[in-house]
Structures are given as structure tokens and as C-alpha cells.
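Survey of secondary and tertiary structure
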Amino acid sequence: MISWVMMMMISCRADEVDTTLGFTDLPFNTSYYHLHKPYDLPETQRYSFAGGVHRLWVYATDKPYRRGSPTKPRTELMISQVVVVAVLFVVVTWGSSVNGVVDVLDPTCGFTELPFNTSHYQIHKPFDLPVAQRYSFVDGIHDLWVYSTDKPLYNGSTTHPRSEIKIQGYTYSSGIWQFEGQGYVPKGTNGVCIMQVFGATRRATSLMLRVYNGSLMYYQRAVIVPEIFDRWFRLNVIHDVEAAALEVYVDGVLLLVVADHGGKSHYFKFGVYGQNNMSDCMESRWKGIRVLYKNVT
Ligand SMILES: *[C@@H]1O[C@H](CO)[C@@H](O)[C@H](O)[C@H]1NC(C)=O
Ligand SMILES: *[C@@H]1O[C@H](CO)[C@@H](O)[C@H](O)[C@H]1NC(C)=O
Ligand SMILES: *[C@@H]1O[C@H](CO)[C@@H](O)[C@H](O)[C@H]1NC(C)=O
Ligand SMILES: *[C@@H]1O[C@H](CO)[C@@H](O)[C@H](O)[C@H]1NC(C)=O
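What you see is a predicted model, and the numbers here were worked out from it, not measured in a lab. (Residues numbered from 1 in each chain as written. Chains lettered and ligands numbered in written order. Predicted model: local features only at pLDDT ≥ 70, side-chain atom pairs only at ≥ 80, totals over all residues. Heavy atoms only, no water.)

**Remarks on the site of ligand 4**
Within the structure, ligand 4 sits among N190, N213 and N277. A distance of 2.9 Å is found between an oxygen atom of ligand 4 and a side-chain nitrogen or oxygen belonging to N190. Between an oxygen atom of ligand 4 and a side-chain N or O atom of N277, the distance comes to 2.4 Å. The protein chains hide 34% of the 360 Å² of surface that ligand 4 would expose on its own. (Near = heavy atom within 4 Å. Polar contact = N/O pair within 3.5 Å; in protein donor to acceptor, adjacent residues only side chain to side chain. Areas by Shrake-Rupley, 256 points an atom, 1.4 Å probe, with all protein chains shown as cover.)

Here it is in C-alpha cells:
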């Protein structure tokens, strides 16, 4: 156990800079919050609420918010159903070496990669078109595009057009699951979801990553990456079902920690799914798709 912990510390080490972003002032009902604190401590040791003041504190030597997480200690309020939380910026030096130790924050650290091949792809596209008119797979790159005037997935459906890959065979209801992929969004694409965690209570999704005004956003609520067009980025999305928490990493940097929306059955999807204010054409490209899992015992 001790050697496992030390290994995690070495291979998952990263320097962090405390910066916050995306705090939004909203009506706040305590029944909607969710506290993230060192996993081995009771709430009262890192949080108090008195006289209308939420007090949150944490020590550098504290444990992370969930067992096995490579992230630094935190005490944060997650505002479920409302918005983003605190957003951590982590300064990561890929491949830099100190005393022979690679100093990299790899979100896949401690996870097991699951077997993955074309049998795990299910393509969702306009019902009246053949797959080849809205999807191609060349040189390891999945290219998915759709037009705002395209038909929905099913004849008679009122949903917006989409060209998406649903990852099948890995529908989950417990544990910690991770999606990894390299994504690319060409300039001009707007009003579209490019990746989602399907499954929630009283709605369809627990997470949507959308593109508006050239930014990668959490639904329409918070900017995750201000400028996302015309470059490859590495995306890691971690869903801890028991903690009801989602983490989004872009290029190895943890940028969003947010509550999920409940639900008992989840899977990952990526591609393009039209939302409000769609551009005429919407497109995203993907490579290096991986699905990973971590047991929480
Ligand atoms: C794809 O992976 C599954 C395991 O999830 C395996 O059973 C199947 O044989 C594989 N198919 C191909 C074509 O490799
Ligand atoms: C869609 O459904 C309508 C009503 O059932 C039918 O008239 C129409 O032919 C269908 N369109 C296609 C392209 O299948
Ligand atoms: C995109 O920009 C327009 C114009 O500035 C603004 O009205 C709109 O709210 C922005 N969209 C999002 C989702 O922030
Ligand atoms: C709609 O999208 C276009 C880009 O396609 C953008 O210029 C415009 O500001 C957006 N409008 C709103 C209301 O978000």
C-alpha cells in the first residue's frame, strides 16, 4: 500500500498555481451544494457555515478529495445543478525531468485501459443519410460533421441534427470512468456539443462540452478553454459515479470540477450534436480514443 501511494505521488506529481475562474453569483440553496474535502476527514474539520459565511480551509499536507486522485488537497463547494465550482489551473511541464523523475500530471494515472475497437462505436447521424456522408475514418482520425438543415437521428424526432459516436459496450452505473481523446474543432463551428457524458435524472446528460464563440464551454454556463479552434487538444473526462463528480482536463490541466446530474446509466459520446445558434456546418475530429476505468475499493 505504501509503495503504491509513493508511486502515485511520483508519477502523478504536478505543480499547481492557485487561480480561480468562472465563479458566478447565483441564488444558492444549501440543499444543492456538495462539499469536496480531504476524503479521510469529516466535513466539520475543513468547513464551517456560520452567520451566513461559508468558511473553507485546507492544508498542503491534506489528502485529495477522493482516494487515489492525483490532485492536490482541496475544500470546495460544488454547486450541483447550477454551475462550476472552483476551477484549478495546474501548471504542468510535460516531460520535464527532476532527478530523473518525470514531472507530469497524467489524468490516466492509476486507471486501467479497457479493450477498445470499432465494435465499440455506434454512429448516430441524420436518419435519411448513409454514414459515409457525415463520417469518415482516415489515418486514425474520426471526422464527424453535420449541417444545421440536416434531419434528426430518427424520422419524426424534434432533436437537432447530429453526427456522433456513441461508445457502446461500456455503459456504467458505478465506479470511476474516464474518456480520453485528442480533439480538433475547425474554425466556424458553433452552437454544438462535441462531447457528452450521457445519463442523468430528469434530463439527458450529466456533462456537455460545447463550442460557442470559439470557446469550449460547460453547457452555456462556463468557458473551459477560451480559444479552441484549429488545434489538437487532449481531452480527459473523469466521471466518479459515487462522488457524483466530473473532472475535465484539457492538455493534462484540470480545468473543471463539477457535479454530475445523477442518473443510473451512463456512457460517453463524441462528435457533433447541434444545440442553439448552430453554424451552417458543424464539425469535430478525434483520434486516440480510449476508455479507462478505476475500481474504488
Ligand atoms: C473488440 O473488443 C471486444 C472486447 O470488448 C472483443 O470481444 C472483440 O473480439 C473485439 N473485436 C475485434 C474485431 O477486434
Ligand atoms: C418520415 O415519416 C413520415 C411520416 O411517418 C413519412 O411520411 C416519411 O416518408 C418519412 N420520411 C423518410 C425519409 O423516411
Ligand atoms: C456568444 O457571443 C454572443 C455575442 O457576444 C453572446 O450574445 C452570446 O451569449 C455568446 N454565447 C455564449 C454561449 O456565451
Ligand atoms: C451565434 O453564433 C455566431 C457565430 O456562428 C456568433 O457570431 C453570434 O454572436 C452568436 N449569437 C448568439 C446570440 O450567441
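On we go.
**Focus: the environment of L209**
For L209, the location among the structural elements is in strand β16 (residues 205-212). Remark: the alpha-carbon pair of L209 and V223, spanning 14 residues in sequence, is separated by 9.7 Å. Setting aside its immediate chain neighbours within four residues, L209 contacts V192, C193, I194, M195, L216, M217, I224, L235, V237 and V248. (Helix = DSSP H or I, 4+ residues; strand = E, 2+ residues; numbered from the N terminus. Contact = heavy atoms within 4.5 Å.)

**Overview of the site of ligand 1**
Around ligand 1, the surrounding shell consists of N117, S119, H120 and Y170. In this structure, an oxygen atom belonging to ligand 1 sits 3.1 Å away from a side-chain N or O atom of H120. The residue makeup of the shell around ligand 1, split by class, is one nonpolar, three polar and no charged. (Nonpolar A, V, L, I, M, F, W, Y, C, P; charged D, E, K, R; others polar.)

**Comments concerning the pattern of salt bridges**
Evaluation of the coordinates by the stated rule reveals 11 salt bridges. Put simply, K63 and D40 hold a salt bridge, and the shortest N to O gap is 4.0 Å. You can see K63 sitting in the loop between β4 (53-56) and β5 (76-79) and its partner D40 sitting in the loop between β2 (33-36) and β3 (47-50), a full 23 residues away along the chain. Take K63: its relative accessible area is 39%, and that puts it in the partly exposed class. Since its relative accessible area comes to 42%, D40 is described here as partly exposed. (Salt bridge = Lys/Arg side-chain N within 4 Å of Asp/Glu carboxyl O. Buried < 20%, exposed > 50% of the residue type's maximum accessible area, 1.4 Å probe, protein only.)

**Focus: the nonpolar core**
Among the nonpolar cores identified, the biggest contains 48 residues, and F179, M195, L207, L235, V237 and F270 are the most heavily contacted of them. The element contributing the most residues to this core is strand β15 (residues 192-198), with five residues. Every residue in contact with L235, bar those within four places of it in the chain, is listed here: F179, E180, G181, M195, L209, V248, Y249, V250 and W286. Ranked by size, the runner-up nonpolar core spans eight residues in total, among them F111, I238, Y249 and V257. (Core = buried A, V, L, I, M, F, W, Y, C linked by side-chain atoms within 4.5 Å.)

**Some details on the packing of aromatic side chains**
This structure, assessed with the given rule, holds 13 aromatic pairs. Between Y170 and W177, the aromatic rings sit 6.2 Å apart at their centres with planes inclined by 45 degrees, giving tilted as the arrangement. Since its relative accessible area comes to 13%, Y170 is described here as buried. With 6.3 Å between their ring centres and 80 degrees between their planes, F233 and W286 make a pair best called edge-to-face. Note that F233 is positioned in strand β19 (residues 233-240) and W286 in strand β23 (residues 281-294), a separation of 53 residues in sequence. With a relative accessible area of 0%, F233 lands in the buried category. Among the aromatic side chains, those forming a connected cluster through ring pairs are Y170, Y172, W177, F179, F233, F268, F270, W286 and Y293. One residue, R162, lies across the ring of Y273, its end atom 4.1 Å from the ring centre. Of note, K166 hangs over the ring of Y267, and the distance from its end group to the ring centre comes to 4.4 Å. (Phe/Tyr/Trp six-rings, centres within 6.5 Å; stacked < 30°, edge-to-face > 60°. Lys NZ or Arg CZ within 6 Å of the ring centre and 35° of its normal.)

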